[in-house]
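Geometric and topological summary
Residue-level listing of the chains:
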Amino acid sequence: MTLTAPPVPGTTSTEQSTKAPLLWLVLWCLLVLGVQPWSSRAASPQGTTGSTNSLMKGVLLGAIFLIVLAATKPGFRTRISPATNLYVVYVLFATATVFLLADPLGPLLRLARLLIGLVLFLMLWRPLIQTPERLIRAHLWAHLLLAGTIVLSLLYAPEQAWRPLSSFGTGFRLQGVLIPMLPPRVGEVGALLLGLAVIALLARKLAVLPAGAMIGLGMVLVALSRTRTAAAAIAFGLFLALLLTRKTWFGRIAALAVPGIVGIGFLLIPTLHTWLLRGQGTQQISSLSGRTTSWQYVLDEEVSLQTAIIGHGLGNKRVLLRRGEGDIDVMAIDNSWLGLYWETGLLAVVIVGIAMIVAWVSVLRAPTPYVKACGALLLGYVSVASLNESGLSDLSSMTLHLLVAAAVCDSDRLRERSRAALQRRPDAPLPVLLPNKPPDATKPVRPPLR
């Protein structure tokens, strides 16, 4: 399934090898768009979590799959990363547990979306993943386009683009309107755009002007969305990316000093301190805006051994909390690992946890500094954001970041192994037979030994 773009005049073969054809770039941007949690509540000031438009996202994902299938030649070569393999195991396990539910149709649709996404990673190996810089570039452009839709939302419907904070705080947060996205998703888009652009600038993959524009746009989106999780996650990801790719002690010390300076700035500068608190009190800050209430309920609930192993059923991302006399409140779990345990049990937590560990091993073994830095950025972001957001149980943006990081680093290591094999291969020219030279009369001839 080798599809290559025609050479562009004025570019070298090395530059061409990192550029994906336009078709695959557009398809990847559509895939990133399709995994975003489109929220029907983005246009409403009430509610903190939105429902996803499963029908439209399913149609979009199906269209992407059919186009990729039509553009793929029969008998194409492919490769799947170990982390993606483990997610296939998770899909098979979750599918087996779904049939124990009274209404398995909804969970089966979610698992079908996840399985199609995993198959797309198989089919996109040659055009995108085999050259890891292509996939990283496509991921950066996808988040740039998402950021562009958020900016256009401000121009299209400025009165709907600002969402009031919950009762815990005061002020407004930026959200998406053209593509319905709640403020946490806006913060995630800005954070990933910021992080990937910083690494591309340091690795000289982008010029200063476009990289500076992307970094500035990402910082603005994170600031206006007032998303603390995205800010903390991208700071941790950038710290790991710099720490793992700096070869000198000075670079490593600088990687340690920069997060410390930023943290001190948030505590001492009044504007940053106000942004961090969002008008919340000590109780709301310590309970992470009430999230720890649902977490404690999940941990304290007494369940049977079967429920602990296979969970309550895929799709149950909320818990019912009883407070006072008959007062019932529905709260989201907002933690990927507790959500996995609640939905599909301890076995699913083990499978996805091993997939995360395997992905980190692939990142640490990646030989190219740019690829390793991008993989560490994405996995660092997922590692922090998964503690405060849900998403690792289905085809979400968080799952996509994990799979991308594992795929590009695994591909980078495979490419380096192939190069080393080519260098070790004997490639000497054929021997040339020279005519026998007559003996030199000036040198004494020794008699043969007997």
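Rules used throughout
Residues numbered from 1 in each chain as written. Predicted model: local features only at pLDDT ≥ 70, side-chain atom pairs only at ≥ 80, totals over all residues. Heavy atoms only, no water. Helix = DSSP H or I, 4+ residues; strand = E, 2+ residues; numbered from the N terminus. Buried < 20%, exposed > 50% of the residue type's maximum accessible area, 1.4 Å probe, protein only. Contact = heavy atoms within 4.5 Å. Areas by Shrake-Rupley, 256 points an atom, 1.4 Å probe, with all protein chains shown as cover. Axes fitted to C-alpha atoms, helices over the stretch in contact; angles between N-to-C directions. Parallel < 35°, antiparallel > 145°, perpendicular 65-115°, else oblique. Left-handed = near helix turned anticlockwise from the far one by under 90°. Nonpolar A, V, L, I, M, F, W, Y, C, P; charged D, E, K, R; others polar. Phe/Tyr/Trp six-rings, centres within 6.5 Å; stacked < 30°, edge-to-face > 60°. Core = buried A, V, L, I, M, F, W, Y, C linked by side-chain atoms within 4.5 Å. Salt bridge = Lys/Arg side-chain N within 4 Å of Asp/Glu carboxyl O.

1. Quick look at the overall build of the chain
- Scanning the chain from terminus to terminus reveals 18 helices and four strands.
- Taken over 450 residues, the chain has a buried fraction of 45%.
- Looking at the chain alone, contacts between residues at least 24 apart form 73% of all its contacts between residues at least 6 apart.
- For the chain, the accessible area works out to roughly 23,600 Å², and carbon and sulfur atoms hold 67% of it.

2. Here we look at the packing of helix 17 (residues 369-385) against helix 18 (residues 397-424)
- Taken N-terminus to C-terminus, the directions of helix 17 and helix 18 make an angle of 155°; their axes are 9 Å apart at the nearest point. Of the possible angle classes, the one that applies to helix 17 and helix 18 is roughly antiparallel. Note that helix 17 runs across helix 18; the crossing there is left-handed. Packed against helix 17, whose contacting residues are V371, G375, L378, L379, V382 and A385, the element helix 18 presents M398, H401, L402, V404, A405, V408, C409, D412 and R415 at the interface.
- The residue inventory of the contact of helix 17 with helix 18, partitioned by class, reads eleven nonpolar, two polar and two charged.

3. What about the packing of aromatic side chains?
- Counted under the stated rule, the structure contains three aromatic pairs.
- Measuring from centroid to centroid gives 5.9 Å for W28 and F121, while their planes differ by 85°, and the two rings are edge-to-face. Pair noted here: W28 is in helix 2 (residues 22-34) and F121 is in helix 5 (residues 105-123), with a separation of 93 residues, a long-range link.
- Ring geometry for Y87 versus Y90: centroids 6.0 Å apart, planes at 75°, classification edge-to-face.

4. Re the nonpolar core
- Ranked by internal contacts, the top residues of the largest apolar core, which has 104 residues, are W28, Y87, Y90, L392 and L402.
- If near-sequence neighbours (up to four positions away) are discounted, Y90 is found in contact with L114, L314, L340, T344, A348, I351, V352 and S393.
- Core analysis: the next-biggest nonpolar cluster, separate from the first, contains eight residues, W295, V319, L338 and Y341 among them.

5. Brief notes about the pattern of salt bridges
- One pass over the full model with this rule turns up ten salt bridges.
- Two residues, R291 and D334, come together in a salt bridge whose shortest N-O distance is 3.8 Å. In this pair, R291 is assigned in helix 14 (residues 291-300) and D334 in the loop between strand 4 (327-332) and helix 16 (336-364), connecting sequence segments 43 residues apart.
- With relative accessibility at 18%, the residue D334 sits in the buried group.
- With a shortest N-O distance of 4.0 Å, R419 and E416 are connected by a salt bridge. On the criterion of helical spacing, the pair formed by R419 and E416 is a turn pair, its members being three residues apart in helix 18.

6. Here's the deal with the environment of M398
- Mapping M398 onto the fold places it in helix 18.
- With a relative accessible area of 4%, M398 lands in the buried category.
- The sequence separation of M398 and L379 amounts to 19 residues, and the corresponding C-alpha distance is 9.2 Å.
- Once residues within four sequence positions are removed from consideration, M398 is found in contact with S336, V382, A385, S386, E389, S390 and L392.

7. Notes on unusual backbone geometry
- Of note, the phi angle at R204 is positive, near 60°, even though the residue is not glycine.
- One can find R204 in the loop between helix 8 (183-202) and helix 9 (208-225).
- Overall, R204 belongs to the exposed group, its relative accessible area being 77%.
- For R226, which is not glycine, the phi torsion reads 55° and is therefore positive.
- Looking at the secondary structure, you find R226 in the loop between helix 9 and helix 10 (228-245).

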